[in-house]
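Understanding the architecture of this molecule
Here are the chains, one letter per residue:
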Amino acid sequence: MMRRLLALLLVLPVAAFAAGTPGAADCKPGDVPAARYERRNGALTERELAMARTAWKYFENNTQPSGLANAVENYPSSTMWDTASYIAAVVSARELGVVAPAVADQRLAKLLEALNSLAFFRNELPNKVYHTGSLEKVDYANRPGEIGFSALDLGRLLVWLKIVKERYPQHADAVDRFVLRWKFDNVVDPRGMMFGAMLDKDRKLQYVQEGRLGYEEYSAKGFELWGLSTELAARADPYATVPIYCVEVPYDARDPRKYYQHNYVVSESYVLDGIEFDWDLALERGTARRHTHPWMADFAHRVYQAQENRFRATGILTARSEHQLEVEPYFVYDTVFTDGYPWNTITEDGKYLPQFAAVSLKAALGMWVLWRSEYTDRLFEAIASQSDPQRGFHEGLLENGKGPIRAFTANNNGIMLETLLYKAQGKLLKWGPPRQGLWERGFKPPCRAEGGRAC
């Protein structure tokens, strides 16, 4: 019965959405009503607070004595992206009153102690993955060994380390000590392009450009917060647009066949930029209602609008993002557009798996808080109770009506917590008084052959 109810909820006819709601044929090409929607703000309701407590349950269950949290339930491994989501969860739980400040401080202190003890990839930067129990460098199968670093993951981590430093000066020195160990020369080049590191099949080190439209610009802000120039990575170009349900949806124009990277268009990067930066420039300290990063706001509105319009045309609730699975292949990129196709659900190696298309809970809640509409009200009702109160929130709801994805992750639950904090507080990057701490006194820009500090 529950599975049948979920199926009805996901594909209920459009007529039930709202009287007079226009169908696809009635939408005006180029019109993006989402740009005019208000954001949700104000104190959380009891129901929303209960959701925050449920999301926090994941971290109560999955934080190791080492100080790190598992990226996936009961699996002792984590990336730097997932570690950032754990930091977001701790900050959010503290600010929302889910945990006492002393408890949050203890968790942050223990986490920072763990980060400061990590061995880095080639002594440059944090490895892509660590065993959350032993703190060893591991590969994606959790076997000992280093495999490289991810610029995108490190950028998100830098965002949340900055948020902690600005909100809680008592942790600033520990944050600074960790980041002062980083060697930035190979992660951001003299032109401001971001690179990740990987080992090929012969274990030869390669530095490869990393990031596509949305994710690249969001993560670049993390490096910029710490004084690194990311001029090229922060640009929208090269991009193109594709018409999807009357909306010109932006996508990265670099050819996946040439550069061997998929140009995923998903909600997550735009939602995170909205929640954490309010679609402002990284170093913006003002509180004006206008967005100081206007093209990022515009692209976010368009990515959202295509999803609302799809529902209006088909009755399929849509909130697309990458998500975990409880079965093989365990992870998919569930996109608005990628590699030439709209609504393309693929694995990292490009295999098409439409059966795993889903309403991502973290995407749906992010859309709900950033775009106040009847549609996001509907999304909220679909996802608000999709949880196990003792384990956290499910990863998603399959579009085919075959029930929830009963996987539990740090990223999903952490982003849901920070989304609820955004409703209560607005923009999450809040600047404290200027300070001259360890970072300010000790950081020197990378030595550059062209630009930057002289070699």
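Along each chain, residues carry numbers from 1 onward, in the same order as the chain's sequence is written. Per-residue local features of the predicted model are confined to residues with pLDDT of at least 70, and side-chain atom pairs are confined, for both listing and counting, to 80 or more; whole-chain, interface and lining totals are unaffected and use all residues. Hydrogens are left out, water is left out, and the side-chain values use all remaining heavy atoms of the structure.

1. Focus on the overall build of the protein
Our working definition: Numbering of helices and strands runs from the N terminus; a helix is a DSSP stretch of H or I covering at least four residues, while a strand is a stretch of E covering at least two. Both definitions apply: the radius of gyration is a C-alpha atom measure, and the globule rule equals 2.2 Å times residues to the power 0.38. Three exposure classes are used, based on accessible area relative to the maximum for each residue type with a 1.4 Å probe and protein chains only: buried under 20%, partly exposed in between, and exposed over 50%.
A tally of regular secondary structure across the protein gives 14 helices and 17 strands. Taking 2.2 N^0.38 as the reference for a compact globule, 455 residues should give roughly 23 Å; the C-alpha atoms of the protein span a radius of gyration of 21 Å, in line with that estimate. Expressed as lengths along the three principal axes of its C-alpha atoms, the size of the protein is roughly 65 × 50 × 45 Å. Buried positions account for 59% of the 455 residues belonging to the protein.

2. Concerning the sheet that holds strand E8 (residues 323-324)
Heads up, the rule is: Paired strands are those between which DSSP finds at least two bridges.
The strand order across the open sheet built from three strands is E8-E9-E12, with neighbouring strands paired in antiparallel fashion. Looking at the sheet topology across the chains shown, the edges are occupied by E8 and strand E12 (345-346).

3. A word on the side chain of Thr 409
Our working rule: Distance and chemistry together define a polar contact, namely a pair of N or O atoms within 3.5 Å, with one atom able to donate a hydrogen and the other to accept it when in protein, and with adjacent residues in sequence counting only for side-chain atoms on both sides. Note on definitions: a residue-residue contact is assigned when non-hydrogen atoms from the two residues lie within 4.5 Å.
Within the fold, Thr 409 resides in the loop between strand E17 (404-405) and helix H13 (410-425). Residue Thr 409 is classed as buried on the basis of its relative accessible area, which comes to 3%. Polar side-chain contacts of Thr 409 include one of 3.1 Å to the backbone nitrogen of Asn 412. Sequence-distant contacts of Thr 409, defined by excluding residues within four places in its chain, comprise Tyr 58, Ala 71, Val 72, Gln 324 and Glu 395.

4. Topic: the packing of aromatic side chains
How we decide: Between 30 and 60 degrees the pair is tilted, below 30 it is stacked and above 60 it is edge-to-face, where a pair is any two Phe, Tyr or Trp rings, Trp via its six-membered ring, whose centres lie within 6.5 Å.
Tallying each qualifying case throughout the model produces 28 aromatic pairs. Seen in terms of ring centroids, Tyr 37 and Tyr 304 are 6.1 Å apart; in terms of plane orientation they differ by 80 degrees. Their pairing is edge-to-face. Of the two residues, Tyr 37 sits in the loop between helix H1 (2-11) and helix H2 (46-62) while Tyr 304 sits in helix H10 (residues 294-314), which places them 267 residues apart along the sequence. The exposure class assigned to Tyr 37 is partly exposed, which follows from its relative accessible area of 22%. Each member of the aromatic cluster is reached from another via a ring pair, and the members are Phe 120, Phe 178, Trp 182, Phe 184, Phe 223, Trp 226, Trp 439 and Phe 443.

5. Quick notes on the state of the cysteines
We count it as follows: Disulfide assignment relies on a single distance test, namely cysteine sulfur atoms paired within 2.5 Å.
The full count for this structure, using the stated rule, is one disulfide. A sulfur-sulfur distance of 1.8 Å marks the disulfide that ties Cys 27 to Cys 246. Judged by the sign of its S-S torsion, about 55 degrees, the cystine formed by Cys 27 and Cys 246 is right-handed. Of the two residues, Cys 27 sits in the loop between H1 and H2 while Cys 246 sits in the loop between strand E6 (239-244) and strand E7 (247-252), which places them 219 residues apart along the sequence.

6. Some details on unusual backbone geometry
In this model, Asp 237 is joined to Pro 238 through a cis peptide bond whose omega is 0 degrees. Take Pro 238: it is sitting in the loop between helix H7 (215-225) and E6. Residue Pro 329 is bonded to the preceding Glu 328 through a cis peptide linkage, with omega at 10 degrees. Structurally, Pro 329 is set in the loop between E8 and strand E9 (331-334).

7. Structural notes on the sheet that holds strand E16 (residues 396-398)
Within the open sheet, the three strands sit side by side as E13-E16-E17. Their pairing is antiparallel. The outermost strands of the open sheet, each flanked by one partner alone, are strand E13 (358-360) and E17. The pairing of E16 with E17 spans two bridges and is antiparallel. In the sheet register, Gly 396 faces E17, and the bridge partner there is Ile 405.

8. Remarks on the pattern of salt bridges
To keep it simple, the criterion reads: The term salt bridge refers to a side-chain nitrogen of Lys or Arg lying within 4 Å of a carboxyl oxygen of Asp or Glu.
This model, assessed by the stated rule, comprises 32 salt bridges. A salt bridge links Lys 162 to Glu 166; the nearest nitrogen and oxygen atoms lie 3.3 Å apart. Of this pair, Lys 162 and Glu 166 both sit in helix H5 (residues 151-167), four residues apart, which is roughly one turn of the helix. Taking the relative accessible area as the measure of exposure, Lys 162 reaches 7% and is therefore buried. Relative accessible area serves as the criterion here: at 13%, Glu 166 is assigned to the buried category. In this structure, the salt-bridge partner of Asp 189 is Arg 191, at a minimum N-O distance of 2.8 Å. For Asp 189, a relative accessible area of 12% corresponds to the buried category.

9. Observations concerning helix H6 (residues 172-180)
Among all positions of H6, only Ala 172, Ala 174, Val 175, Asp 176, Phe 178 and Val 179 are buried. Residues of H6 that are buried in the fold lie against helix H4 (101-117), H5 and helix H14 (438-442).

10. Some thoughts on the nonpolar core
General note: in soluble globular proteins, nonpolar side chains tend to be found buried as a group. What counts, and what does not: By convention a nonpolar core is built from buried Ala, Val, Leu, Ile, Met, Phe, Trp, Tyr and Cys residues, the set being connected through side-chain atoms within 4.5 Å.
Ranked by internal contacts, the top residues of the largest apolar core, which has 128 residues, are Leu 161, Trp 182 and Ile 383. Every residue in contact with Leu 161, bar those within four places of it in the chain, is listed here: Ile 87, Leu 112, Leu 115, Val 175, Phe 178, Val 179 and Trp 226. Counting eight residues, the second largest nonpolar core, distinct from the first, contains Val 332, Leu 353, Phe 356 and Ala 358.

11. Quick notes on the pairing of E9
Examined bridge by bridge, E8 and E9 share two bridges and lie antiparallel to one another. When the bridges of E9 are listed, Gln 324 appears paired with Phe 331. Summarising the sheet, E9 and E12 pair through two bridges and their orientation is antiparallel. Its bridge partner being in E12, Asp 334 is matched across the sheet by Thr 345.

12. Structural notes on the pairing of strand E4 (residues 195-199)
By the criterion of burial, E4 is predominantly enclosed, with four of the five residues buried. Pairing geometry for strand E3 (residues 148-149) and E4, over two bridges, is antiparallel. Paired with Gly 148 across the strands is Met 198, a residue of E4. For E4 and strand E5 (residues 205-209), the ladder comprises five bridges, and the chain directions are antiparallel. Each residue of the ladder has a partner; that of Gly 196, found in E5, is Val 208.

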